[in-house]
Structures are given as structure tokens and as C-alpha cells.
Amino acid sequence: MTEHHGDAPTLVVEDVSKSFGSTRAVRSASFHVARGELIGIAGHNGAGKSTVLKVVNGSVPGDVGSVTISGVRRSATEAVAHPEHLGVRTVYQELALAPSLRVDETAAVFDPSARGRRWRSDAWKSLKAVLDEMFPAHGIRPGHVISDLSFARRQMIECAMTMVDAGRPASLVILDEPTSSLDGTATESFYAYLKRRAAGGLSAIVTTHRLNEMIENLDRIYVMRDGRVLGEHVAATSSKESLVAAMGLAEHEEAHRAPEAGEGPSLTRAVAVANAEASDSGSVVELVQQGEDGAEERFEIRPGEIIGFAGLEGHGQLEALEAVHRAAARRPGKRGRDRRTEHLGVSVVGDAAYVSGDRGVRGIFPIWDVAKNLSFSSLKRPVTRGGLISKARERELIDEWYRRLGIKGAPSDLITSLSGGTQQKALMARAMAVHSSLLLLEDPTRGVDQATKGDFYGILREQADKGQTIVWYSTENEELRNCDRVLVFQVGRVVGTLTGEEATEDAVIALSFGQRTRTAQTQDSSKEEI
Ligand SMILES: Nc1ncnc2c1ncn2[C@@H]1O[C@H](COP(=O)(O)OP(=O)(O)OP(=O)(O)O)[C@@H](O)[C@H]1O
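What you see is a predicted model, and the numbers here were worked out from it, not measured in a lab.

Just give me the short version of the pattern of salt bridges, but keep the residues and values in it.
For the coordinates displayed, the defined rule picks out 17 salt bridges. Salt-bridge contacts for Asp-132 lead to Lys-128; the nearest nitrogen and oxygen are separated by 2.7 Å. One end of the pair, Asp-132, and the other, Lys-128, are both in helix α3 (residues 119–134), 4 residues apart, so they sit about a helical turn from each other.

Following this line, the structure appears as C-alpha cells:
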């Protein structure tokens, strides 16, 4: 942090509390942010982080307390219609972009200074300037329609839009899980940008469950637990372990470490999933591509394996996962080429369940309660008996997954009343409860706390040991060590395979920058124009 001596703090939060019915989401929270300071708020899922930040920007009125922004004090009970007038901008965990708008139109909606005949191009110019600096390889074009963009690119747009001057400079940006779907390279350039802005006096509050990210990039970290702000930590002298301990999550971390080398799956163990299936060659998924020398290259995924799909953002790993999902819906074993994965042929034996990290668009049913959201995919099996839904079985299934993933709250609560990470747990449970032969994971732990991640990795290993095959797309390279093998993608092709242990951030980046770097950059931008 650059010292801005004599400046009033940008934000002072005093004794803020907020309850939703009987849930005390925030209890007497107090903290402050100096000018040019980068602050983190860490805490388990449901700790109250998003709620206290919504009280700060006035989108949710608190019950008591006060919020002072740049010297202007207000009661925390006051809602604020236009927080940008107070100099506050926010990026929410669930992105707020309209899916049917183009990127330049989106930029204009959030940029009141873009008016007149050239409103689209003016707004795009301002947004592009920030995007180019924040994410040099973003590949976003003004004509892209938001719904066609990956979650990561939508997240880039939101982050960049927060920083556009738009005639009303921000003094405080609130970033709720801003990097949850960004890969390591994009995350690094995002924080480099944030630090440059902080040197100019901008203050920021970041929440993320990627604790190393906070430690490496922020100045101070407040830890929240059960609605309370428990204490502050200087980032430079904190460790992931000390934060996890302060959050009260230490015991879970220890319980579920990544498997030791040599603990990988074997076909002899692949017997216990009721409907585990494999092709004649013994594979559940087969990816086929043409090698550079024209010869066919084949990648087989066998029952009970946990396979990661990794690489730099936008290099086809997510499209490959989606292609596996589509292939699972086709006639068993039929290899298909589809438009979106031009280099890869995919064939799948058996059925698949899918967990999306984009829960707002591809996950939750917002008007249903948690129980229905969780049991929905199991209604055909295993909850049905003789063609009828068995209420008893449904209750058993819900109880089991509440226990296994430590979901708090009542099954009859509306799913949208859960914290973001807890909604994600319900989606994981929904997919795992189906007992499909193939489990497809699209950044499944986005926004999920360390303890649950540990539990989840342990459950995945148990499922694999029973013969379930798991294909896992992740933007968090650290969690790829839980895989048996990791396929690294570049420009829509598999360019290398690493064992889980070898799949460090550096190894993945080295492979994905491997041979065809220049092609990668030129083709990347056209990927989503399909
Ligand atoms: N609109 C709402 N209605 C009812 N309860 C809510 C609502 N919003 C939040 N809560 C509850 O308040 C508590 C705190 O939730 P909050 O979203 O602030 O947690 P969080 O720390 O941001 O969690 P996460 O890391 O999962 O995002 C949770 O128990 C949540 O279920």
C-alpha cells in the first residue's frame, strides 16, 4: 500500500448487524479501509461476508450500525439506490450482466458518460482500455453477446467495468469472489492492475476462498466467522494455515489431503458403482484428435479415474468437457464431432451428471427450496420406487448429503437464501447423488470454502474408488493435484498429460504455452464467435 498520509479512511464500518429471520448473518461487525488500501475478508461459506458488503454498498439495509464512506456517515439501515454516487462500485459473486446484450451495449449501460450517436463505440473504447491493461489476452470483442461468453470472460468484463472512470471515479471497489473462474495468469494480471490503482489512491475489499491470492496481493485481511469479524491479519505475515485456523476450518484441512503418489485408481477397483460401464477397450470416455504429423492420437479415460482438464483460459478445455457431456447424451459409444470442438472426437459409454460452477445460469432453480434443488436429478433414480417417488428415500438422500457436505439451514429454505458457496454445495450434492457412471465437473468448487473443498476432494476419491469416472475442469491449478492425470489443452487440442502430482501451476502453464503459442493467441479471440 502506498501511504496517503493525513487522508481520512475511505471506509469505516461500525457495529453493523443484519439478520434474515432467525439467521444472524452479520453480528456487530466493525472494520475500516484506508485510502489506497487493499483489504481481504476471509471466512467460511455463510460467514456473512457478502451480506456485510451489501450493507456497505447499501443494496441491503442493515439492522443497526453505521457506514462512513470518504467521510460521509450514514446509518447502516439506509438503503442506497445509487452507490456509485458515493464512489462505491461492486462486482458480485453472481454476475450481473444481461445475457442478451452485446459487450459494447453492456459497457454503455454502466457508463453514463457514453451518450450521443457513438454511444456503443465510446463505451467500448473506455472498457477496452481497462480490459487490455487488466487482462492482456482477454480476446473479448465488442460484438460478442454476453450469453455466448464463458463465465471467466464475463467475470473479466465485470471486473474491468468496475474500474472504468465513466465520469464518476470510484474511491472504493468491492470485489466479491472476482477471480473465482480466472486462471492463474489472468488472476496475476488482475492483481497487478489493482495494485497500480491502489497506488493512485483507490481502495478495495476482496473476498475470496483462494487464500494464497489474498496473502500474496492484499495489505490486511479480516477474518469473519458466524457473522462476526474476529480479527485482522497483516497479509504479508499470514499463511494459509493461520487463516484457515482463524476461520475455524483447520480440522477439515487435515482430514482430506491429496492422495499420495501411487494411490491412483486401478481397473480392479472399478466395480462398485451400480451402473459403471466401459467400452470394449475398457474406457468410459475416449478423446481422439489428429496429431501434428496427421496420425490419430487417442486419450482413454477409464472407470474410476479422476481426470483433470486444464490449460490457459479459452484453450478448449471447457468446450471439451461440454463435448463429453453432449456425447454422453448420444447413442452409447458413438463417436461424434461437434462444431465446438473441431479438433476433438469424443465418445462416451454410460450416463453423465454435470456440476456447473456457473450456478446462477446453469445450476440452481431459484424458486425452489433446497430439498427440491438437491433431489431433482435423482427423481428417476435412486429416489423412485416402482415408478413412484419415495418420500422416505428422498428424505434419506437429502439427510445424507446435508451431513456429508455440512450444508447448514433447513431443506425447506429457498435455495436463494443460502450463501453462494452453500448453493454450490447443493449442486455438487445433486450431481453426486445420481450415481451416474461419469461425473463431469465444471469448476465445481467456485466460491466454496477450504473445509468443504477438502471434504469434496475426499468424496470424489471415494466415488472414484467405487468405479465412478470423474472428469474435472478447473481454473484452480492447486486442486488438480487431486486428479490421477491431467490433460493440458492448447488451441482446442490436448498438448500433454501430467500426473496429478506433476500438475503444478508452472507445469500447466509451461505445457499450455508449449509449441503453438503464437497460434494460440491469434485463435483465442475467435473461439467464442462461433
Ligand atoms: N436473502 C437472504 N435471505 C435469507 N438468508 C440469507 C439471505 N442472504 C444471506 N442469507 C444467510 O446469511 C448468512 C450469511 O450469508 P452470506 O452470503 O453473507 O455468506 P458468505 O460469507 O458471503 O458466504 P459464501 O462464502 O458462501 O459466499 C447465511 O446463513 C445465508 O444463508
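There's plenty left to go through after this.
So what's going on with the side chain of Ser-189? Which residues, and what values?
Relative to the elements of secondary structure, Ser-189 occurs in helix α5 (residues 184–199). A residue is classified by how much of its surface remains accessible, and Ser-189, at 18% relative accessible area, is buried. In contact with Ser-189, other than residues within four places in its own chain, are Met-134, Phe-135 and Pro-136.

So what's going on with the packing of aromatic side chains? Which residues, and what values?
Geometrically, a pair of aromatic rings is defined through the distance of the ring centres and the angle of the planes. For the coordinates displayed, the defined rule picks out 6 aromatic pairs. Relative to Tyr-222, the ring of Phe-31 has its centre 5.4 Å away and its plane inclined at 50°; by these criteria the two rings are tilted. Separated by 191 residues along the polypeptide, Phe-31 in strand β2 (residues 23–33) and Tyr-222 in strand β9 (residues 220–225) bring together distant segments of the chain. Residue classification places Tyr-222 among the buried residues on the basis of a relative accessible area of 4%. Grouping aromatic residues by their ring pairs yields a cluster made of Phe-135, Phe-190 and Tyr-191. Here the guanidinium or amino end of Lys-18 rests over the ring plane of Phe-20, the centre of that ring lying 5.2 Å away. Cation over ring: Arg-404 sits above Trp-401, and NZ or CZ is 4.6 Å from the ring centre.

An account of the layout of surface pockets is needed here, citing residue identities and associated values.
Roughly 1,300 Å³ of volume is contained in the largest pocket. Taken together, the elements giving at least two residues each to the lining of the largest pocket come down to β2, α1 (49–57), α8 (250–255), α13 (420–432) and α14 (450–465). Element by element, the count of residues in the lining of the largest pocket is highest for α13, at 5 residues. Considering only residue class, the lining of the largest pocket consists of 11 nonpolar, 23 polar and 14 charged. When residues are assigned to domains, the lining of the largest pocket turns out to be shared by domain 1 (11–255) and domain 2 (364–435), each giving three or more.

How would you sum up α13? Please name residues and give values.
The end-to-end C-alpha distance of α13, which contains 13 residues, comes to 19 Å, matching closely the 18 Å that a straight helix rising 1.5 Å per residue would cover. Counting buried positions over the 13 residues of α13 gives 13, a clear majority of the element.

Hey, could you go over the site of the ligand for me, with residue numbers and the actual values?
Close to the ligand lie 19 residues, the nearest being Ser-50, Thr-51, Ser-417, Ser-419 and Gly-421. Gly-46 is positioned with one of its backbone polar atoms (N or O) 2.8 Å from an oxygen atom of the ligand. Residue Ser-419 places a side-chain N or O atom 2.7 Å away from an oxygen atom belonging to the ligand. A total of 640 Å² of accessible area belongs to the ligand in isolation, and the protein chains cover 80% of it. A majority-of-atoms criterion places the ligand in the largest pocket. For the shell around the ligand, the secondary-structure elements that each account for two or more residues are β2, α1 and α13. Class assignment for the residues of the shell around the ligand results in 4 nonpolar, 14 polar and 1 charged.

Reading guide: rules and limits
Numbering of residues begins from 1 in every chain and follows the order in which that chain's sequence is written. Residue-level local features of this predicted model are given only where pLDDT is at least 70; pairs of side-chain atoms are given and counted only at 80 or more, and the full residue set underlies all totals for whole chains, interfaces and linings. Excluding hydrogens and water, the side-chain values take into account all heavy atoms of the structure. A pairing counts as a salt bridge when a side-chain nitrogen of Lys or Arg comes within 4 Å of a carboxyl oxygen of Asp or Glu. The secondary structure listing takes helices from DSSP runs of H or I that are at least 4 residues long and strands from runs of E that are at least 2 residues long, numbered from the N terminus. Any residue under 20% of the maximum accessible area for its type is buried, any over 50% is exposed, and the rest in between are partly exposed; the area is computed with a 1.4 Å probe on protein chains only. Only heavy atoms matter for contacts: two residues are in contact if any of them lie within 4.5 Å across the pair. Geometry of aromatic contacts follows a simple scheme: Phe, Tyr and Trp rings, the Trp one being its six-membered ring, pair when their centres are within 6.5 Å, and the pair is stacked under 30 degrees between planes, edge-to-face over 60, tilted otherwise. Note on geometry: a ring has a charge over it if NZ (lysine) or CZ (arginine) is within 6 Å of the ring centre and within 35 degrees of the ring normal. A 1.4 Å probe that fits into a set of points on a 1 Å grid over the protein atoms alone but cannot get out defines a cavity; an open set with protein on both sides within 12 Å along at least five of seven lines defines a pocket, and lining residues are those with an atom within 4 Å of a point. Grid points are joined across faces, edges and corners, and a volume is the space filled by probe spheres set on the points. Residue polarity is assigned by list, with Asp, Glu, Lys and Arg as charged and Ala, Val, Leu, Ile, Met, Phe, Trp, Tyr, Cys and Pro as nonpolar; anything else, Gly included, falls into the polar class. Start and end points for every domain follow an automatic or database-based domain assignment. Here the expected span of a helix is defined as 1.5 Å times the quantity of residues minus one. Only heavy atoms are used to decide nearness, and a residue is near a molecule or strand if one of them lies within 4 Å of it. Think of a polar contact as two N or O atoms within 3.5 Å of one another; within protein, one of them needs to be a possible hydrogen donor and the other a possible acceptor, and neighboring residues in sequence only count if both atoms come from side chains. We get accessible surface area from the Shrake-Rupley algorithm with a probe of 1.4 Å; when it comes to residues, only the shown protein chains can shield them. Just a note on the criterion: a molecule sits in a pocket or cavity if more than half of its atoms are within 2 Å of the grid points.

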